[in-house]
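Overview (structure and organization)
As a plain string of letters, each chain reads:
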Amino acid sequence: MPILEIIHYPNEILDTECGRVSSFDKDLHRLLDNMYETMIAEDGVGLAAPQVGILSQIAIVDIGEGEESELFELINPEIVEQRGNQIDIEGCLSFPGLYGKVPRAKVIKVKANDRYGNEYHLEAEGYLARAIQHEIDHLHGVLFTSKVVEYVHESELTDWSEEQLQR
Ligand SMILES: [Zn+2]
């Protein structure tokens, strides 16, 4: 499957509100599969459709590796409930080499469609909740740099490997 080209900042596509998905067809499935291949090739833990030039509310997240791996396909996702706070370091495939501390909700409940259009609900916390919030922001043209409270130099990334931070 083809690897898609990642759009880097600055690009107005990254600042644009994405439209809701209404066709859960083969084209969507192909895009999701290609986004997955791209995310893996780029060592990312998440990828949103606008990052590959598609202005639709589609994102994928997989924070695990090997047996821990679990892929979430989020189409038209909405955060319906959130609580608590956490601050941790994030990066973004659209901002190579840039890292910063971002405050996020600790626990979120999300409503989304799967690739067949079925609605499902997901509760996530901690790092998974952070990754999902980062991707949902992308679908509304919101970039992590607008939420960074402190930038972190690459050499200070001790607890996290670079690969774990790419979204
Ligand atoms: Zn990102």
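It should be emphasised that the depicted structure is a prediction, and the values quoted were computed from it without experimental measurement.

1. A word on the UniProt feature "binding site: Fe cation" (unreviewed entry) in the chain
Per the UniProt record, "binding site: Fe cation" (unreviewed entry) is annotated on Cys 92, His 134 and His 138. These annotated residues cover 47 residues of sequence, but their C-alpha atoms sit close together, with the largest distance between any two at 10.3 Å. Residue placement: His 134 occurs in helix α2 (residues 126–139). What His 134 contacts, discounting residues up to four positions off in sequence, is Glu 90, Gly 91, Cys 92, Arg 104, Phe 144 and Arg 167. Here Glu 90 takes part through its side chain, which lies 2.8 Å from a polar atom of the side chain of His 134. Relative to the helices and strands, His 138 is located in helix α2. Residue classification places His 138 among the buried positions, given a relative accessible area of 1%. Non-local contacts of His 138, meaning those with residues more than four positions away in its chain, are made with Thr 16, Cys 18, Ala 48, Pro 50, Gln 51, Cys 92, Leu 143 and Arg 167.

2. As for the pattern of salt bridges
Considering all chains together, one arrives at 12 salt bridges under this definition. A salt bridge links Arg 30 to Asp 27, with the shortest nitrogen-to-oxygen separation between them at 3.2 Å. Linking Arg 30 with Asp 27, this pair stays in helix α1 (residues 26–41), spanning three residues, or about one helical turn. In this structure, Glu 123 and Arg 83 form a salt bridge, with 3.8 Å as the shortest nitrogen-oxygen distance. Residue Glu 123 is found in strand β7 (residues 119–125), and its partner Arg 83 is found in strand β3 (residues 72–83); the two are separated by 40 residues along the sequence. The class for Arg 83 is partly exposed, based on a relative accessible area of 46%. Taken together, the salt bridges that share partners define one network made up of Glu 90, Arg 104, Arg 130, Asp 137 and Lys 147.

3. Here's the deal with the UniProt feature "active site" (unreviewed entry) in the chain
If you check UniProt for "active site" (unreviewed entry), the listed places come out as Glu 135 in our numbering. Structurally, Glu 135 can be placed in helix α2. Among the residues examined, Glu 135 registers a relative accessible area of 0% and is labelled buried. In this view, Glu 135 contacts Gly 46, Leu 47, Ala 48, Gln 51, Ala 59, Ile 60, Val 61 and Arg 167; residues no more than four positions away in its chain are not counted. Here the side chain of Glu 135 touches Ala 48 through a polar contact of 3.3 Å, landing on its backbone nitrogen.

Parameters at a glance
Residues numbered from 1 in each chain as written. Predicted model: local features only at pLDDT ≥ 70, side-chain atom pairs only at ≥ 80, totals over all residues. Heavy atoms only, no water. UniProt positions renumbered as here; feature names shortened; annotations may be inferred. Helix = DSSP H or I, 4+ residues; strand = E, 2+ residues; numbered from the N terminus. Contact = heavy atoms within 4.5 Å. Polar contact = N/O pair within 3.5 Å; in protein donor to acceptor, adjacent residues only side chain to side chain. Buried < 20%, exposed > 50% of the residue type's maximum accessible area, 1.4 Å probe, protein only. Salt bridge = Lys/Arg side-chain N within 4 Å of Asp/Glu carboxyl O.

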